[in-house]
Amino acid sequence: MKTRTSNFLSLIFRTIRNGLVMVFPIIFIGSFSVLAVYFPIPAYQKFIQSFLGGTIQNLLFLIQLATLGLLPVYMAISINLSYTNSTEEGQRFISKLASLLSVITSFFILAGIFSDGFNLKQMGGQGLFSALLTGVFGSLLYQKFERLFRKIKNDSGTFIEGADSIFNSSIQVILPYLCTVFVFLIFNYLIMVIFKVSGIEEMFIKIFSMLFSKMQRSYASGFLFILITSILWCFGIHGNKVLDKVAVDLFQTILPTQIVSKTFIDTFVHIGGTGTLLGLLIAILIFGRTNNSKKLAKFAAAPVVFNISELMVFGFPVICNPYLIIPFILVPEVCYSFTYLMAKINFLPQVVNEVNWTVPVFLSGYIATGSVRAIFVQLINIVISVAIYTPFVLIYEKKYMNKLSNSMDLLVKILKHSEETTEPVTLTECEGNEGRLAKHLVNDLKENLSKGFEEVPSLNENSLLMKYQPQFDNKGKCIGAESLLRWNHNEYGIVYPPLVVHLAKESTRLYELETLIIEKSVKDSVEMRNVFGNSFKLSVNMTVSTLNDKRILPFLKELTEKYPFKAGSVCIEITEETALETTEETAALMNEIREMGYIFALDDFSMGHTSLQYLQYNQFDMVKLDGNLVKSLLGNERTKEIINSIVYLSKSLNFRVLAEFVETTDQKNALESIGVKLYQGYLYSPAIDKKALLKMKA
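Residues numbered from 1 in each chain as written. Predicted model: local features only at pLDDT ≥ 70, side-chain atom pairs only at ≥ 80, totals over all residues. Heavy atoms only, no water.

**Q** Would you take a moment to explain the overall build of the chain for this structure?
**A** Looking only at helices and strands, the chain features 32 helices and nine strands. By the burial criterion, 51% of the 698 residues in the chain qualify as buried. Across the chain, the fraction of contacts at a sequence separation of at least 24, relative to all contacts at a separation of at least 6, is 72%. (Helix = DSSP H or I, 4+ residues; strand = E, 2+ residues; numbered from the N terminus. Buried < 20%, exposed > 50% of the residue type's maximum accessible area, 1.4 Å probe, protein only. Contact = heavy atoms within 4.5 Å.)

If you want it as structure tokens, here you go:
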């Protein structure tokens with residue numbers, strides 16, 4: 001029972017978080033539209049209000065209304081989609097659509113959109129909780145009802161003969177839709193009758209207005225006001241809107257005999273918005289360990305400086321985040337109490353001027369009090385907030401990283417399954433954390449491609465590295481090496497190399513990645529040849545798609561002019577995981593590249609699309625035995641015969657044979673007895689950096 005409850009809560013939190021991530025573009029645009037509307041410079045405000053009759057201001061208001069103003073609607077939709085995608089039920093199109101429609105209808109009912117006093121402009125502030133409630137529980141109820149009626153249908157055999165499948169599917173979702181909407185209809189009706197309100201949001205406003213109606217302005221009432229505001233925000237209820245009447249009636253006017261006022265709270269407590277989120281933003285930027293968090297903090301920095309917190313509240317997210325609820329509630333109260341104490345002992349002067357809530361920290365403190373001491377108090381509050389938020393951020397990121405690590409394992413598993421079955425897969429289109437992780441990796445890879453390779457991995461940054469696995473002959477002489485890409489990710493360590501290549505291919509950056517590898521290899525080959533001698537050959541992989549790219553010929557020609565490598569010292573390995581066309585045109589292309597001084601090797605020979613036609617049309621200088629042949633050599637006589645045949649062909653067609661994945665002396669001896677005299681594998685060395693490779697020269 002405990003496990004089931006835990007799984008359910010995990011599903012709810014995951015659903016809400018994923019739903020918020022889906023509406024992040026709307027929140028991003030909306031937050032900056034709010035900043036553009038309320039940017040606290042008088043000359044700017046005068047300009048947008050007067051230019052073209054206020055057209056700019058009206059357009060900004062329209063953007064704000066269409067984004068944050070309708071945010072609850074978008075949230076209800078995204079949370080529903082998140083829920084149906086996270087569960088086994090509701091995966092059919094008609095069922096998904098009916099579930100979505102039931103949630104939207106339920107949201108409109110719960111938000112009181114059809115009541116006489118409803119104002120669409122208040123939707124953004126007063127519909128968030130309704131969106132969360134209907135998005136999660138509307139989706140859950142629909143699936144419960146759908147499952148129930150599907151069972152009844154199966155028992156009764158309900159089916160309309162002659163109707164098409166879409167019509168029958170639509171008929172089957174009517175009852176689940178009606179039942180879900182009916183539940184919310186009854187729930188909202190009870191709220192309306194009992195509390196005499198139009199919806200649940202108005203109920204909260206009424207309850208908290210009554211709570212504060214008999215209170216006087218004091219430390220206690222201010223403490224309670226901040227506490228309730230923060231708690232409501234934690235659950236997706238716009239606390240500032242709910243308590244707006246309280247803020248106006250109880251705290252709006254600045255009284256000379258009272259410390260607490262709305263300006264006092266906005267200026268010294270809500271620094272960066274509700275929850276004192278400037279402290280959270282700084283904690284992430286300084287102590288955060290994940291790129292995602294830091295990128296979000298950078299996105300949110302400008303709005304937060306002007307106390308617009310939506311990007312942090314919804315983007316991080318803070319709401320419904322069990323790891324951040326405690327500091328989100330605690331930090332404002334600690335800052336409030338400290339500031340009140342400073343005012344009580346007369347260190348902080350009385351607030352005498354009202355300040356717009358968008359005025360940035362320090363400037364707001366000085367304007368409110370006319371004293372630099374206010375700036376000092378604000379600075380201490382920021383330090384306090386950072387100190388409290390930091391350990392919670394680290395705990396949250398640790399849990400988040402564990403989830404992403406699991407997602408990385410699953411992502412690699414998906415790719416390996418695709419490699420084994422040859423079934424195509426698009427990782428960036430996978431659902432759930434795996435798809436998001438793939439997109440995240442694609443963005444990081446794009447940044448690294450622009451920076452190029454590094455010789456030493458950076459501690460806190462992602463790094464593209466080049467490793468080289470040495471190749472030896474049967475006398476133990478290092479006769480070459482293979483260039484191998486390694487991507488050191490600061491969050492996941494070394495990323496599975498085929499995953500890097502696959503993501504580059506999905507993001508249409510495979511050519512960019514491969515040419516970067518080729519240029520680095522050609523450049524390093526010059527230094528390696530000077531150390532190991534003219535017979536040393538450096539191999540570099542190239543996919544068939546890059547080989548067939550029209551840009552490759554001029555690129556390779558440019559490298560021959562840029563780096564003075566000896567003809568025959570750079571070997572291009574063509575992988576045969578993708579079919580190489582065995583045509584005279586391909587042979588001509590390869591011959592043209594060979595004339596530039598490059599030679600060719602055929603990688604993983606004997607598996608996949610291997611064909612003797614490759615050797616007929618394309619004059620390969622080397623064939624690399626597939627690792628599976630080498631691994632099975634000692635226990636399989638047929639494998640020995642296959643390798644023996646390849647060696648026989650090599651003598652008649654004049655190409656060399658190199659065995660990869662040579663890990664034991666017995667394997668090496670068996671290969672040598674057959675006639676394979678070139679080796680690459682852990683028996684000799686793993687992939688190492690250039691500096692270590694150069695030291696191998698005796």
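Right, picking up where we left off after that structure.
**Q** Sorry, what's going on with the nonpolar core here?
**A** The nonpolar side chains of a soluble globular protein tend to be buried with one another. Core analysis: the biggest nonpolar cluster contains 84 residues, and Leu499, Leu556, Tyr598 and Leu671 have the highest contact counts within it. Counting residues per element, this core draws most heavily on helix α24 (residues 510-532), which supplies nine residues. Within the second largest apolar cluster, 58 residues are counted, among which are Phe24, Ile271, Leu311 and Leu324. (Core = buried A, V, L, I, M, F, W, Y, C linked by side-chain atoms within 4.5 Å.)

**Q** Hey, could you run me through the pattern of salt bridges in this one?
**A** It is possible for side chains of opposite charge to pair when their charged atoms get near one another. Overall, the coordinates contain 14 salt bridges when judged by the stated rule. Among the salt bridges present, the one from Asp524 reaches Lys690, with a minimum N-O distance of 3.4 Å. Of this pair, Asp524 sits in helix α24 while Lys690 is found in helix α32 (residues 690-694), placing the two residues 166 residues apart along the sequence. What makes Asp524 buried here is its relative accessible area of 2%. The salt bridge partner of Asp621 is Arg594, with a shortest N-O separation of 3.7 Å. Here Asp621, found in the loop between α28 (612-617) and β7 (622-625), pairs with Arg594, found in helix α27 (residues 584-595); they are 27 residues apart in sequence, far enough to count as distant. (Salt bridge = Lys/Arg side-chain N within 4 Å of Asp/Glu carboxyl O.)

**Q** I tried to follow the confidence of the model for the chain on my own but got confused; where do I start?
**A** Segments scoring low in pLDDT should not have their predicted coordinates read at a detailed level. Per-residue confidence for the chain gives a mean pLDDT of 85; residues scoring 70 or more make up 90%. Between the elements of the chain, mean pLDDT differs from a low of 57, seen in helix α9 (residues 165-172), to a high of 96, seen in helix α19 (residues 325-344). Of the regions scoring below 50 in pLDDT, residues 159-164 engages in five contacts with residues more than four places distant in sequence or in other chains. (pLDDT = per-residue confidence, 0-100.)

**Q** What exactly am I supposed to notice about a nonpolar patch on the surface here?
**A** Among the surface-exposed residues, Phe182, Leu185, Ile186, Tyr189, Leu190, Met192, Val193, Ile194, Phe195 and Ile207 lie close enough to one another that they form a single nonpolar patch of about 900 Å² accessible area. Among the structural elements, Phe195 can be located in helix α10 (residues 174-195). (Patch = residues over 30% accessible without salt bridge, like charges linked within 9 Å, V, L, I, M, F, W, Y side chains within 5 Å. Areas by Shrake-Rupley, 256 points an atom, 1.4 Å probe, with all protein chains shown as cover.)

**Q** What's the story with the side chain of Ser293 in this structure? I'm lost.
**A** For Ser293, the position within the fold is in helix α17 (residues 291-305). Contacts of Ser293, omitting those with residues within four sequence positions, involve Ile284, Phe316 and Glu397.

**Q** Honestly, the packing of aromatic side chains in this entry has me stumped. Any pointers?
**A** For any pair of aromatic rings, the description rests on two quantities: the centre-to-centre distance and the angle between the ring planes. The full count for this structure, using the stated rule, is 22 aromatic pairs. Seen in terms of ring centroids, Phe532 and Phe536 are 4.7 Å apart; in terms of plane orientation they differ by 15°. Their pairing is stacked. Since its relative accessible area comes to 7%, Phe532 is described here as buried. Aromatic ring contacts, followed pair by pair, group Tyr219, Phe223, Phe264, Phe268, Tyr336 and Tyr340 into a single cluster. Note that Lys416 overlies the ring of Tyr496, its terminal NZ or CZ placed 5.1 Å from the centroid. Over the ring of Phe661 we find Lys631, and its NZ or CZ is 4.8 Å from the ring centre. (Phe/Tyr/Trp six-rings, centres within 6.5 Å; stacked < 30°, edge-to-face > 60°. Lys NZ or Arg CZ within 6 Å of the ring centre and 35° of its normal.)

**Q** Would you explain unusual backbone geometry in this entry?
**A** With the exception of glycine, most residues fall at negative phi, and the peptide bonds are largely trans. Even without a glycine there, the phi angle at Thr276 is positive, about 50°. With respect to the secondary-structure elements, Thr276 resides in the loop between α15 (262-268) and α16 (277-287). Residue class for Thr276 comes out buried when judged on its relative accessible area of 1%. Positive phi, close to 55°, is recorded for Thr508, a residue that is not glycine. With respect to the element layout, Thr508 can be found in the loop between α23 (497-506) and α24. Residue Thr508 is classed as exposed on the basis of its relative accessible area, which comes to 73%.

**Q** Would you mind going over α27 with me for this structure?
**A** An α-helix turns once per 3.6 residues; consequently, residues spaced three or four apart project the same way. The terminal C-alpha atoms of α27, which comprises 12 residues, lie 16 Å apart, in line with the 16 Å expected from a rise of 1.5 Å per residue. Those residues of α27 that fall on the buried side of the exposure criterion are Thr586, Ala587, Leu589, Met590 and Ile593. Looking straight down α27, one finds that the buried residues subtend no more than 160° of arc, so they occupy a single side. In this structure, α27 carries Glu584, Glu585 and Glu595 as exposed residues pointing more than 90 degrees from its buried face. After α27 finishes, the residue Gly597 shows a positive phi value of roughly 120°. (Expected span 1.5 Å × (residues − 1). Arc of directions from axis to C-beta.)

**Q** Explain helix α5 (residues 71-86) here, please?
**A** An ideal rise of 1.5 Å per residue puts 22 Å on 16 residues; α5 measures up with 22 Å between its terminal C-alpha atoms. Looking only at α5, the buried set comprises Leu71, Pro72, Val73, Met75, Ala76, Ser78, Ile79, Asn80, Ser82, Tyr83 and Thr84.

**Q** Would you take a moment to explain the pairing of strand β5 (residues 570-574) for this structure?
**A** Taken residue by residue, a regular strand's side chains alternate between the two faces of the sheet. Of all the five residues making up β5, five are buried; the element is thus mostly covered by neighbouring parts of the structure. Neither face of β5 is left uncovered, since the one carrying Val570, Ile572 and Ile574 and the one carrying Cys571 and Glu573 both have all their residues buried. By the bridge criterion, five bridges tie β5 to strand β6 (residues 598-605) in an arrangement that is parallel. Across the sheet, residue Ile572 finds its bridge partner in β6, namely Phe600. (Pairing = 2+ DSSP bridges.)

**Q** Honestly, the packing of helix α12 (residues 219-234) against α19 in this entry has me stumped. Any pointers?
**A** Packed helix pairs are specified by the crossing angle of their axes together with the interaxial distance, meaning the distance between the axes. Interaxial distance between α12 and α19 falls to 9 Å at its minimum, and their mutual angle equals 160°. Relative to α19, the element α12 is oriented roughly antiparallel. Note that α12 runs across α19; the crossing there is right-handed. Only Ile325, Phe328, Ile329, Pro332, Glu333, Tyr336, Ser337 and Tyr340 of α19 make contact with α12, whose side of the interface consists of Tyr219, Gly222, Phe223, Ile226, Leu227, Ser230, Ile231, Trp233 and Cys234. Tallied by class, residues from the contact of α12 with α19 come to 13 nonpolar, three polar and one charged. (Axes fitted to C-alpha atoms, helices over the stretch in contact; angles between N-to-C directions. Parallel < 35°, antiparallel > 145°, perpendicular 65-115°, else oblique. Left-handed = near helix turned anticlockwise from the far one by under 90°. Nonpolar A, V, L, I, M, F, W, Y, C, P; charged D, E, K, R; others polar.)

**Q** Whenever I open this one, the packing of α12 against helix α14 (residues 244-251) confuses me. Can you help?
**A** Two elements in contact, α12 and α14, have axes whose closest approach is 11 Å; the angle formed by their N-to-C orientations is 165°. Looking at the two axes, α12 sits roughly antiparallel to α14. Here α12 runs over α14; the crossing is left-handed. Mapping the contact onto sequence places Ser221, Gly222 and Phe225 in α12 and Val246, Ala247, Leu250 and Phe251 in α14.

**Q** What am I meant to see in the pairing of strand β4 (residues 537-542) here?
**A** The pairing of strand β2 (residues 478-489) with β4 spans three bridges and is parallel. Among the inter-strand pairings, Gly480 is bridged to a residue of β4, identified as Lys537. Where β4 meets β5, five bridges bridge the pair, whose relative direction is parallel. Note on β5: the bridge partner recorded for Val540 is Ile572.

**Q** Got a minute to help me understand the environment of Glu482 in this structure?
**A** Looking at where Glu482 falls in the secondary structure, it is placed in strand β2. We classify Glu482 as buried; its relative accessible area is 4%. In the structure, Glu482 is positioned 205 residues away from Ala687 in sequence and 8.4 Å away in space, judged by C-alpha atoms. Within the local environment of Glu482, its side chain forms a polar contact with the side chain of Lys624, the two groups lying 2.9 Å apart. (Polar contact = N/O pair within 3.5 Å; in protein donor to acceptor, adjacent residues only side chain to side chain.)

**Q** Can you help me understand the side chain of Glu482 in this one?
**A** A polar contact is formed between the side chain of Glu482 and the side chain of Asn541, at a distance of 2.9 Å. The contacts of Glu482, once residues within four sequence positions are left out, are Lys467, Tyr468, Gln469, Gln471, Leu538, Ser539, Asn541, Glu573, Lys624, Glu660 and Gln680.

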